[in-house]
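Now for the letters of each chain:
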Amino acid sequence: MTVALAPSILSADFARLGAHAGEAEAAGADRLHVDVMDGQFVPNITIGPVVVRALRRVTRLPLEVHLMIVDADRWLDAFADAGADGLTVHVEGANHLHRTVEHIHRLGKRAGVALNPATPASALEEIVHDADLILAMTVNPGFGGQSFIAGTLPKIRRIRALLDRVRPACELEVDGGIHAETALLAVDAGARVLVAGSAVFEDPGGVAAGMEKLRRNLGG
Ligand code: DX5
Ligand code: ZN
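Residues numbered from 1 in each chain as written. Chains lettered and ligands numbered in written order. Predicted model: local features only at pLDDT ≥ 70, side-chain atom pairs only at ≥ 80, totals over all residues. Heavy atoms only, no water.

**A look at the overall build of the chain**
Step number 1: Looking only at helices and strands, the chain features 8 helices and 8 strands.
Step number 2: For 220 residues, the compact-globule estimate of 2.2 N^0.38 gives 17 Å, and the C-alpha radius of gyration of the chain, at 16 Å, lies within 12% of that figure.
Step number 3: Taking the principal axes of the C-alpha coordinates as reference, the chain spans close to 45 × 35 × 30 Å.
Step number 4: Here the chain holds 220 residues, and 54% of them are scored as buried.
Step number 5: Relative to all contacts within the chain whose residues are 6 or more apart in sequence, the contacts with residues 24 or more apart total 65%.
Step number 6: A total accessible area of about 9500 Å² is found for the chain, and carbon and sulfur atoms account for 51% of it.
Step number 7: Across the chain, the centroid of the 21 positively charged side chains sits 3 Å from that of the 27 negatively charged ones. (Helix = DSSP H or I, 4+ residues; strand = E, 2+ residues; numbered from the N terminus. Rg over C-alpha atoms; globule rule 2.2 N^0.38 Å. Buried < 20%, exposed > 50% of the residue type's maximum accessible area, 1.4 Å probe, protein only. Contact = heavy atoms within 4.5 Å. Areas by Shrake-Rupley, 256 points an atom, 1.4 Å probe, with all protein chains shown as cover. Lys, Arg positive; Asp, Glu negative; His and termini not counted. Charge placed at Lys NZ, Arg CZ, Asp CG, Glu CD.)

In structure tokens form, the structure reads like this:
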């Protein structure tokens with residue numbers, strides 16, 4: 001079983017973002033997770049396409065852009081143009097999710113569909129056939145460093161079962177409160193891609209140590 005690690009740059013030092021991204025790449029990160037927040041969909045504001053463009057120049061890792069914004073459709077082209085490899089949109093913010101996913105595919109990018117903790121797995125039933133990645137939030141989006149919501153685990157199992165049944169090629173990713181112990185719970189429930197922000201970029205031993213702790217617990 002392969003589990004991919006996607007460090008979230010939200011917890012990186014933005015004054016030395018390139019160096020931090022480089023450390024994650026050197027430590028074996030599989031992709032970089034980029035959290036985009038607009039102060040409306042979530043109560044925080046982070047970054048825009050300009051930062052994605054800057055990151056694109058300094059890393060070879062795939063950039064997955066997690067859009068926590070209202071009206072994500074308006075911004076898909078800009079993030080694609082800036083160098084995103086994948087664009088993930090929330091079920092809760094999309095009026096025409098199928099159209100949005102088609103738009104992402106037309107841009108030649110991987111389409112991710114994200115679910116907040118209170119949104120049921122059943123919300124995926126009609127869109128799962130078109131998605132490349134499902135992102136199950138294990139915290140309420142908005143901030144790094146929050147505690148993992150264990151109540152999301154049964155839902156992660158239900159999503160795993162749905163994907164196994166109808167779309168095994170679609171990835172299942174979890175995001176929020178992932179550290180060595182919760183990584184194990186999420187993988188046991190069926191996640192195969194782990195987003196981790198504070199566990200990677202705020203480990204006292206550095207980025208490589210943070211990644212190693214996550215991996216060691218997974219036995220691989
Ligand atoms: C939360 C973001 C996450 C966040 C995770 O809204 O979507 O990607 O960076 O941070 P940690 O791993 O610290 O919970
Ligand atoms: Zn995220």
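There's plenty left to go through after this.
**Some details on the pattern of salt bridges**
Step number 1: Considering all chains together, one arrives at 11 salt bridges under this definition.
Step number 2: We note a salt bridge from Asp81 to Arg53, for which the minimum N-O separation is 2.9 Å. With a gap of 28 residues between them, Asp81 in helix 3 (residues 76-82) and Arg53 in helix 2 (residues 49-58) connect regions that are remote in the sequence.
Step number 3: Residue classification places Asp81 among the exposed residues on the basis of a relative accessible area of 55%.
Step number 4: Residue classification places Arg53 among the partly exposed positions, given a relative accessible area of 35%.
Step number 5: Taking the shortest distance from any N to any O, the salt bridge between Glu171 and Arg110 comes out at 3.1 Å. On the criterion of sequence distance, the pair formed by Glu171 in strand 7 (residues 171-175) and Arg110 in strand 5 (residues 110-115) is long-range, its members being 61 residues apart.
Step number 6: The partly exposed category is assigned to Arg110, whose relative accessible area is 36%. (Salt bridge = Lys/Arg side-chain N within 4 Å of Asp/Glu carboxyl O.)

**A word on helix 6 (residues 180-189)**
Since there are 3.6 residues in each turn of an α-helix, residues three or four apart along the chain are aligned in direction.
Step number 1: Every buried residue belonging to helix 6 is among Ala180, Thr182, Ala183, Ala186, Val187 and Ala189, and all of these are buried.
Step number 2: Following helix 6 by one or two positions, Gly190 adopts a phi angle in the positive range, close to 125°.

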